Structure formats: structure tokens, C-alpha cells
Amino acid sequence: MLGFLKNPVVVTAEINVNLVALTAVGLLSRLWGLSYPRAVVFDEVYYGQFVSLYMKRIFFVDDSGPPFGHMLLALGGYLGGFDGNFLWNRIGAEYSANVPVWSLRLLPALAGALCVPLAYQIVVELQFSHCAALGAALLILLENSLITQSRFMLLESILIFFILLAVLSYLKFYNLQRHSSFSGSWWFWLLLTGVSCSCAVGVKYMGLFTYMLLLAIAGLHFWHMLGDQNLSNLSLVCHFLARGLALFVIPVAMYLSFFYVHLALLYRSGPHDQIMTSAFQASLEGGLARITQGQPLEVAYGSQITLRNVLGKPMQCWLHSHTNTYPIRYENGRGSSHQQQVTCYPFKDVNNWWIVKDPGTQQLVVSNPPRPVRHGHIVQLVHGITTRYLNTHDVAAPLSPHSQEVSCYIDYNISMPAQNLWRVEIVNRESDTDVWKTILSEVRFVHVNTSAVLKVSGFTGASLPEWGYRQLEVVGEKLSKGYHQSMVWNVEEHRYGKSQEQKEREVELHSPTQMDISKNLSFMAKFSELQWKILTLKNEETEHKYSSSALDWITMDTNIAYWLHPTSG
């Protein structure tokens with residue numbers, strides 16, 4: 001029974017000395033003296049800020065790409081015990097003692113080192129000689145820019161690592177296809193291809209090019225399989241489903257998981273909140289959530305509200321009015337109505353409060369029970385502090401003469417009657433009887449008399465002159481088939497008005513909102529909004545000061561100072 005003990009246990013293994021040597025030298029070249037210089041180098045000033053925000057669980061948006069690469073850098077900081085306390089304000093700033101420089105640079109260095117053996121194996125899988133593979137690996141090993149990028153807290157080496165891993169995995173899968181389909185190794189390399197593609201895209205969108213290339217090659221190879229008479233229809237279906245699972249379903253699921261982890265980690269309010277919608281801001285701990293959590297959900301006649309423009313460009317702003325009036329005559333000679341100014345103001349202020357009034361009554365408080373406002377209802381918007389009604393008429397706006405002036409109506413006892421009725425249109429409604437909801441409903445206000453839509457015209461960057469305190473212009477835009485977010489508003493702060501007397505109401509408007517109901521966004525809603533912001537925030541018209549043309553890469557005419565020694569320069 002114990003006869004097997006009479007013979008020794010023998011384990012045999014084939015070791016590719018070339019591969020081992022390349023890996024060792026790659027690690028040495030990338031890890032040697034990794035903590036030098038102990039100062040912020042080039043884009044470490046950029047990525048380091050995000051690492052600090054991860055450590056403090058503070059929400060941010062980076063328009064350069066998805067969050068997976070940032071999370072990997074933050075993992076290095078977490079493993080090194082980084083607390084996030086460092087001011088990333090300039091290149092060359094000396095790191096304080098609490099910054100684990102070696103840990104923060106470790107993952108990019110490891111990724112850069114492993115690119116060397118990956119390059120070797122890719123050339124071997126392409127059926128070239130080991131000598132050719134060694135030459136390709138040496139080119140990666142000794143490339144000056146790759147060594148430099150790998151030794152700092154940057155994403156390029158991580159991106160290249162996942163791209164090479166995806167290519168190698170598909171080549172190994174394809175070479176196994178001929179003689180061992182659906183084996184364990186076949187499944188491993190196919191699944192690793194999908195995982196690597198997802199990680200590459202999750203680091204930077206440049207990874208999409210590799211992903212699309214491998215999808216095209218996989219499609220071409222499958223097309224050739226359709227003509228193989230030796231494969232049954234069932235076998236072809238299984239091959240198609242396997243590729244669909246590994247190269248589409250898993251990458252999409254992983255991509256979503258990157259954002260899920262990102263949003264789960266960053267649950268606190270931060271400096272980038274203002275570019276997100278009110279609903280998103282209210283889902284974060286602190287910030288807007290402290291104000292809006294628990295306030296009444298349904299807007300009713302008599303509600304006191306602040307209206308935030310959904311566009312949020314060039315800055316977030318709220319519908320606002322103050323006692324100052326439009327000049328009787330503008331600098332270009334055009335005249336105005338001399339009515340009370342209405343603007344969009346980029347700061348929270350008591351003059352941002354409006355009262356939703358039923359045109360059929362004089363009541364400015366919420367009845368018991370409250371009467372909710374629904375899609376299509378006609379309302380008047382009364383400015384809380386001045387009690388004047390939001391109005392528009394056939395008078396040219398100050399900066400946009402093609403649009404109507406929006407004002408708060410002052411009765412000058414002249415032939416200019418009030419036109420202050422507005423129809424509430426809920427843009428994201430599910431039915432035509434939807435109730436207007438705090439934060440969640442995106443609404444347009446359509447002027448009953450002229451069909452003009454209340455809109456911020458300042459999204460192009462225009463602001464009123466000194467007489468308008470440089471605030472953004474609000475206009476009445478003639479209703480058209482087009483749609484723009486500058487026409488859409490949502491209720492951010494909301495309370496049920498209780499005071500009919502003006503002095504009591506002013507005290508009420510200055511007080512904090514009441515807490516009654518809370519509402520959170522789903523993950524998919526937050527993901528959709530964050531993904532859209534990442535794709536649309538970047539200004540493609542601005543050129544990076546260190547940008548270079550393809551010819552510069554060959555001639556090396558353009559250089560970049562990553563870091564300067566403080567004494568020698």
C-alpha cells in the first residue's frame with residue numbers, strides 16, 4: 001500500500017532562461033532606486049491628487065478616462081499606509097515623510113517590467129524565432145521613454161501592460177484553437193483576453209483601439225470557422241457563445257464594476273460636486289446632502305424652491321432676482337422694460353428662493369393637504385424676497401436681442417401688462433400625469449403668452465455687465481423642436497411655505513430647509529451621469545502645452561522636463 005514511497009517524487013519543469021533573465025533585468029531596471037527623486041515628477045502632480053481623494057473617500061471626476069487606473073495607483077498608496085495628506089500643487093515639490101513614494105510607484109514599475117517578457121512571448125506566439133523574440137524584448141527593455149514612464153506614478157506603463165497581455169492571451173488562445181478547443185487552457189486564455197481588454201479600457205480609453213482590433217480579428221477567425229465542414233452547427237454555436245461571453249459580456253460587466261467600486265469608495269462630497277446634477281450631489285455624504293436629505297419630495301402650490309439649471313456650464317447657477325432693474329437704455333442704444341432683473345447666480349443666496357403660486361388664488365402657503373403640481377399645470381413663480389412675479393414679454397434681452405427679456409414684473413401703470421403664467425413641462429416624465437418632484441424632476445418652464453422657454457443664455461460664457469453684477473443672463477427662448485440642457489431646471493432646495501405675511505416669510509426663507517423624506521439614486525443612474533460627464537467635460541479645442549506631433553517622436557525635437565534637480569538644474 002505504501003509502495004509508492006519506495007520511489008522518489010520527481011517534478012520536471014522546463015525553464016526558459018531567456019524569459020527568466022529578461023524578467024529579472026526588467027525588474028531591476030524599473031525597481032532600482034525607485035524612490036528617487038523623492039519629489040513630485042511630471043504628472044504625479046495630477047494623479048497624486050486623485051490618490052489623496054481616494055484615501056479620504058472624496059468624490060471626484062477625471063475627464064481623462066475611466067477610474068480603474070486611478071484605483072490601481074490608490075491601491076499602492078493604501079498598501080503603503082498613505083493617509084492622503086499631501087499638497088500636490090507643483091512639480092518638484094519634496095514629498096513629506098508620510099508619503100510612501102516607493103509604494104505609490106511600485107505598481108507602474110511592476111507593470112513596466114513585465115512588459116519585457118510579454119513582448120518576448122508575443123513574438124514567440126507569432127511563430128518567429130527565439131532570437132527575434134529576444135531582440136523585440138530588448139527593445140522594450142532598453143527603450144528610454146518606457147523606462148522613465150515606468151518608474152513614476154503614471155498610467156502609461158499599466159496601460160501598455162494590459163494591452164500586451166490582451167494580445168498575448170488572444171494569440172495563445174488562437175494557437176490552442178487548432179488542437180484543444182474548449183480545454184481548460186483554451187478557456188483560460190480566452191477569458192484572460194476579455195479581462196485584459198476590459199482592464200486596458202478601464203485604465204485609459206486608448207485601450208479601446210486594442211479591444212476593437214482583437215474583436216475584429218476574433219470576428220474574422222470565426223468567419224473562417226463557418227466554412228469549416230468538420231465543425232457541426234452545435235459546435236459553431238458554442239464557439240460563438242464562448243467568444244461572446246469572454247469578449248463582450250465579461251468586459252462590459254468588468255467595466256461597470258470599475259465604476260461600482262469607484263462610486264462605493266468615493267461617497268463623500270468634494271470639489272467636483274458642482275458639475276454633477278442635484279440628484280447626484282444629494283446622494284453624497286455631506287455637501288448638498290446635508291441640506292436636501294429629507295426635504296419634501298413633491299412640489300406643491302405654495303412650495304418655496306430654488307431652481308438650479310441642469311446644464312451647469314460655464315458654472316452651476318440658480319434662478320435669481322434682486323431689487324435692481326434693467327437699465328432704461330443699454331450701451332448699444334437699445335431700450336429695456338426697466339423691470340426687475342432676473343439672472344442665474346452661481347452661489348447659494350436667499351434671493352434664489354421662489355414660491356410656486358396657483359394663478360387662481362392669492363395664497364402663498366401650502367394647503368392641507370398639499371396640492372401637488374403636475375406636468376402641464378400652469379403656475380406663477382413669485383420671487384420670495386421681493387414678492388414680484390417672474391415675467392417675460394416681447395422685449396429684447398440685454399445680451400441676446402433675438403430672445404425675450406425675462407424679468408420680475410413691476411407695475412409702472414403703463415401699457416405693459418403682466419405676462420407671468422408658466423406651464424410646467426417635466427422633461428424626464430414617465431407619464432403625462434407625473435408629479436413635479438424635488439431634485440429628481442427635470443422641468444422646462446414654457447411661457448403661456450409667447451411660448452418662450454425659460455433658459456440660461458450664458459452657457460457660451462456670456463455674462464451681464466457691471467449693472468448685472470456679472471451674473472449669467474436668463475432669457476425667454478422661442479419654443480423650438482431643439483432641446484438643450486440650458487432650458488432645463490430642477491428643484492434643489494425645497495420647503496413647504498407656512499407664512500402668508502411677508503416679514504414672517506423672509507425669516508422662513510433664511511432658515512434651513514425641513515427634513516421629511518430622503519431619496520437616493522440607483523447605481524446605473526449614477527454610472528450613466530458620471531460616464532457622460534467623463535466623455536463630455538474635456539475641451540478638445542485646448543492643446544496641451546507639452547503636446548507634440550508624430551514627426552517629433554522620430555526626430556526627438558520636442559523634449560519635456562519631467563523633473564529638475566533643485567541645485568544642479
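Note that this is a predicted model, so its numbers are computed, not measured. (Residues numbered from 1 in each chain as written. Predicted model: local features only at pLDDT ≥ 70, side-chain atom pairs only at ≥ 80, totals over all residues. Heavy atoms only, no water.)

Colleague: Can you lay out the domain arrangement of the chain for me, pointing to particular residues and giving the numbers?
Modeller: Each assigned domain of the chain is listed here: domain 1 (17-265) and domain 2 (294-517). When each unit is reduced to the centre of its C-alpha atoms, the spacing between domain 1 and domain 2 is 50 Å. (Domains from an automatic or database assignment.)

Colleague: Could you give me a rundown of the packing of aromatic side chains, with the residues and numbers involved?
Modeller: This structure, assessed with the given rule, holds 28 aromatic pairs. Taking the centre distance of 5.3 Å and the plane angle of 90° together, the rings of Y54 and F60 count as edge-to-face. Neither residue differs from the other here; Y54 and F60 are each classed as buried. Geometrically, the ring pair formed by F86 and W88 is edge-to-face, given 4.9 Å between the ring centres and 75° between the ring planes. (Phe/Tyr/Trp six-rings, centres within 6.5 Å; stacked < 30°, edge-to-face > 60°. Buried < 20%, exposed > 50% of the residue type's maximum accessible area, 1.4 Å probe, protein only.)

Colleague: Break down a nonpolar patch on the surface for me, with residues and values.
Modeller: Taken together, the side chains of L245, F248, V249 and V252 make up a nonpolar region of the molecular surface, amounting to roughly 340 Å² of accessible area. With respect to the element layout, V252 can be found in helix α10 (residues 233-265). (Patch = residues over 30% accessible without salt bridge, like charges linked within 9 Å, V, L, I, M, F, W, Y side chains within 5 Å. Areas by Shrake-Rupley, 256 points an atom, 1.4 Å probe, with all protein chains shown as cover. Salt bridge = Lys/Arg side-chain N within 4 Å of Asp/Glu carboxyl O. Helix = DSSP H or I, 4+ residues; strand = E, 2+ residues; numbered from the N terminus.)

Colleague: Tell me about the environment of Q304, and name the residues and values.
Modeller: Examined against the element boundaries, Q304 turns out to sit in strand β1 (residues 303-309). For the pair formed by Q304 and G92, sequence separation is 212 residues and the distance between their alpha carbons is 51 Å.

Colleague: Go over the state of the cysteines with me, naming the residues and quoting the values.
Modeller: Counted according to the given criterion, the structure contains one disulfide. Residue C317 pairs covalently with C344 via a disulfide, S to S 2.1 Å. Between C317 and C344 the disulfide shows an S-S torsion of about 85°. By sign, it is right-handed. Taken together, the positions of C317 in the loop between β1 and β2 (318-325) and C344 in strand β3 (residues 340-345) put the pair 27 residues apart, joining distant regions of the chain. On the accessibility criterion, C317 (2% relative accessible area) is buried. The exposure class assigned to C344 is buried, which follows from its relative accessible area of 0%. Of the cysteine sulfurs around C199, a residue in no disulfide, the closest is that of C197, at 9.4 Å. (Disulfide = S-S within 2.5 Å.)

Colleague: With reference to specific residues and values, describe the confidence of the model for the chain.
Modeller: Across the chain, the average pLDDT comes to 87, with 91% of residues at 70 or higher. In this model residues 514-519 is a low-confidence stretch, pLDDT under 50, and it forms 19 contacts with partners more than four residues away in sequence or in other chains. (pLDDT = per-residue confidence, 0-100. Contact = heavy atoms within 4.5 Å.)

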